[in-house]
Every structure is written in structure tokens, then in C-alpha cells.
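# A structural walkthrough
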Amino acid sequence: MDIVQEIKRLKKEKNAIILTHCYQKCEIDEVSDYVGDSLYLSRMAAKTNADIIVFAGVYFMAQSAKILSPHKKVLLPNMNSGCLMADMIDVENLRKFKSLHPNIPVVCYINSTAEVKAESDICVTSSNAISVIKSLNKDKVLFVPDTYLGKWVERNLPNVEVITYNGYCPTHLRITVEDMIKSREKYPDALILAHPECHCKVCELADFVGSTKQIMEFANNSDCKHFVIATEEGVVQRLNRDSVLYNTGKTFTLINDSVICPNMKENSLEDIYNVLLTERNEININESVRIKAKECIEKMLTVNI
Ligand code: 13P
Ligand code: SF4
């Protein structure tokens, strides 16, 4: 059986689309309708006319698609693909955090559960966190769960105090200041591009900080020929693949070999084929939670950036 052809056939037969995050295994792109970062994929999930969305990403991403498109069937290829950062805060801990800092708006990173979104005022992704928080016109916000993205926003908005929860991404914290210094020494002509989930000290040393899609766009639009990438390896693989495909002569080096999100790699082409065939691994959300979580995401989507 040619699995790629079979997936394409099933997609057509069932009016399904496949949304793929750029940390997924590269071979999944061949069957995907859209590949990108969390913001781009949630926009696609909100506007598709498909009956089925297969979300090749982690659990909170598929959940966000379901929050936005309740009448569509949303399937996660492999139920083991959770996000370790999203699981660092639950509703109980969020309520405790809020009670320690009362009457301050709660901003939640999209890397969070539906229940946490339902208890928050507005959602952000790594590509719009600075502009969305700026648009609130507040001098203080609470930010959950990623302490490093929150602190990165604060650094960029000097008039806003960002009080952060203590969550983090274990994959991005594998990137150290030492890696940055060594990369500068080893590749003096390269630009270093980092994701804001990295430690703030790492971000301060980068030439550009942005979401996965923003990193890819920056590299595509730059005249530089060599880039060191301080985010998950899937981004590096796609950039090198496209460089060969379009003959751009650009090279991309992963900052260190351990920047791999194991959860993102759980989904395989076989899993995608199986969920399309059987329609198992469907995401379901309690309706009152979903309605509140939807408000939280939609507020973000209406901020014009
Ligand atoms: P993006 O918003 O850049 O896609 O990031 C999602 C993520 O999980 C990064 O670790
Ligand atoms: Fe979550 Fe980190 Fe993996 Fe992104 S890279 S999905 S934040 S564990």
C-alpha cells in the first residue's frame, strides 16, 4: 500500500484536511494542506469548510481546532502527543495564581488546556504575544504557563509588568547561553534565530526572536546564507529541504542536537492513515468550557496584526 496515496484518497473521500505543525516529522508535509505555527494553524482551523480536521501537532493544538470548529470532527493522530508545558498548569493552580494577584487580566499562551483558556481573559501565541498584550493597554498582566515567553514580552513592552507562572518548555530550555556563545565563535557569519520559549538570556543573544513561522520567514527574506536555529529540529529540516528545493544556497544549523520535542514526533504517517480510516482519537470538550475557551481564543484572533 502506498500510504501517502491512501491518505490523499481518504482525505478526498471524507472531505478532510490535515493541519501540520512545523515540528512534526517532515514526511507528514506531503499529505498536509497547511503547515505552520500555532497562530497560522488556528486561523486555518477556524475557516476551513472540511468535515474532518486531522491535527498533526500536539493535544492542545487539536483542542484549539475543536474549540473553534465544534461541528467538525477533530482527530489527533496519536494520543501520546501532549505538550509538557501545557500540562504544567491546571485550573486549580491557575485559580491559586489568580488569587495571589487579584484583579489583573490573565493572558494565556495557546500552549494550554481548554480548561485553562476558559479561565483566562485572552489567548496569545508566540507570534503575536507582544502585540496582543500591548493592545490590552494595561500596566500589569498575569501570564500562564510559559515564564520565558512572558518575560520576553515584558522586555519588549517596558510599560507593562508581566507576572508569570513558572511553566516552561523542556525542549527549548535545552538551549544554553554557552550554545549561543559557541555558535557565534564557530559561525561568525551566521545569524542566530531563536524561539521566545528559550531562556531570556538565550533570546538576548539572538539576532532575531520569533515564532516558528516567523523564524522561517525571516530566514527566507534575509540575504544572509547561514543561520543557526535555536528552536526544534523540524524547523531546521524544513528550511534545509526548501533551500535545496528552491536552490537558495542557504544553510541552516540546529544549535545543538538535543532540541527535539519527543511529543511532537509521536505522530506518524501510519497514525494519520489510521485515524482517517477509523475516525478514532476524536477530540471532545465540555460545551461550557468550550464556549469560554472560544471567547479567549477569538479575542486574540480579532486583534488586528
Ligand atoms: P509556535 O507558536 O511558534 O508554533 O510554537 C508552538 C510551540 O509549541 C513551540 O514550542
Ligand atoms: Fe510543548 Fe515544548 Fe513541545 Fe512546544 S516544543 S509542544 S512547548 S513541549
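Scope of this entry: the structure provided in the associated data block.

## Description of the overall build of the protein chain
Counting its regular elements, the protein chain contains 13 helices and 12 strands. Expected size for 305 residues packed as a compact globule is a radius of gyration near 19 Å; at 19 Å, the protein chain falls within 12% of this value. Relative to its full complement of 305 residues, the protein chain shows a buried share of 57%. Pairs at least 24 apart in sequence give 64% of the contacts found in the protein chain among residues at least 6 apart. For the protein chain, the separation between the mean place of its 36 positive charges and that of its 40 negative charges on side chains is 4 Å.

## Describing the site of ligand 1
Contacts to ligand 1 come from His21, Tyr23, Asp37, Ser38, Tyr109, Asn111, Ser126, His172, His195, Glu197, Ser211 and Thr212. A distance of 3.0 Å separates an oxygen atom of ligand 1 from a polar backbone atom of Ser38. Isolated, ligand 1 exposes 300 Å² of accessible area, and the fraction of that covered by the protein chains is 96%. Residues belonging to the shell around ligand 1 are distributed by class as follows: two nonpolar, eight polar and two charged.

## Points about the site of ligand 2
Every residue lining ligand 2 is accounted for by Tyr23, Val58, Cys83, Leu84, Asn111, Cys169, His172, Glu197, Cys261 and Met264. Grouping the amino acids of the shell around ligand 2 by side-chain chemistry returns seven nonpolar, two polar and one charged.

## Some points on the sheet that holds strand E10 (residues 208–209)
In a beta sheet, neighbouring strands pair by backbone hydrogen bonds and run either parallel or antiparallel. Reading across the sheet, the four strands line up as E10-E9-E11-E12 and stay open at both edges, with parallel pairing between neighbours. If you trace the sheet from one side to the other, it starts and ends with E10 and strand E12 (251–254), each paired once. Across two bridges, strand E9 (residues 191–194) lies against E10 in parallel orientation. If you follow Ala194 over to E10, its bridge partner there is Val209.

## Describing the state of the cysteines
Scanning all chains against the criterion turns up zero disulfides. Cys26 takes part in no disulfide bond, and the closest cysteine sulfur to it belongs to Cys22, at a distance of 9.8 Å.

## Topic: the packing of helix H1 (residues 3–14) against helix H12 (residues 269–278)
To characterise two packed helices, one gives the angle between the axes of the helices and the distance between these axes. Where H1 contacts H12, the axes come no closer than 10 Å and their chain directions differ by 30°. As summarised for this structure, H1 and H12 are arranged roughly parallel, according to the angle between their axes. In the crossing of H1 with H12, the sense of the turn from one axis to the other is left-handed. Contacts between H1 and H12 pair Ile3, Val4, Glu6, Ile7, Leu10, Lys11 and Lys14 from the former with Leu269, Glu270, Ile272, Tyr273, Leu276 and Leu277 from the latter.

Conventions we followed
- Along each chain, the written sequence defines residue order, and numbers are assigned to residues from 1.
- As they are written, the chains are lettered A onward and the ligands numbered 1 onward, keeping that order.
- At least 70 in pLDDT is required for a residue's local features to be given in this predicted model, at least 80 for side-chain atom pairs to be given and counted, and no such filter applies to totals for whole chains, interfaces and linings, which use all residues.
- The basis for the side-chain values is all heavy atoms of the structure; hydrogens and waters are excluded.
- For the purposes of this entry, the term helix denotes a DSSP run of H or I that reaches at least four residues, the term strand denotes a run of E that reaches at least two, and both are numbered from the N terminus.
- Throughout, radius of gyration means the C-alpha value; the globule benchmark is 2.2 Å times the number of residues raised to the power 0.38.
- Categorising residues by exposure relies on relative accessible area from a 1.4 Å probe, with only protein chains included: less than 20% of the type maximum marks a residue as buried, more than 50% marks it as exposed, and the intermediate range marks it as partly exposed.
- The contact criterion used is simple: two residues touch if any of their non-hydrogen atoms lie within 4.5 Å.
- When charges are counted, neither His nor the chain ends are considered; positive counts come from Lys and Arg and negative counts from Asp and Glu.
- Every charge is mapped to an atom, namely NZ of Lys, CZ of Arg, CG of Asp or CD of Glu.
- Here a residue is considered near a molecule or strand provided that any single heavy atom belonging to it is located within 4 Å of it.
- Two N or O atoms form a polar contact when they lie within 3.5 Å of each other; inside protein one atom must be a possible hydrogen donor and the other a possible acceptor, and for residues adjacent in sequence the pair counts only when both atoms belong to side chains.
- Note on areas: these come from Shrake-Rupley sampling with a 1.4 Å probe, and a residue is covered only by the protein chains present in the view.
- We call Asp, Glu, Lys and Arg charged. Ala, Val, Leu, Ile, Met, Phe, Trp, Tyr, Cys and Pro are nonpolar, and the rest, Gly among them, are polar.
- Should DSSP find at least two bridges between two strands, the strands are regarded as paired.
- The criterion for a disulfide is a pair of cysteine sulfur atoms lying within 2.5 Å.
- Axes here refer to lines fitted to C-alpha atoms; in helices the fit is confined to the stretch in contact. Angles between the N-to-C directions go from 0 to 180 degrees.
- Angles below 35 degrees are treated as roughly parallel, those above 145 as roughly antiparallel, those between 65 and 115 as roughly perpendicular, and all remaining angles as oblique.
- Take the far helix as the reference: if the near one is turned anticlockwise from it by less than a right angle, the crossing is left-handed, and if turned clockwise, right-handed.

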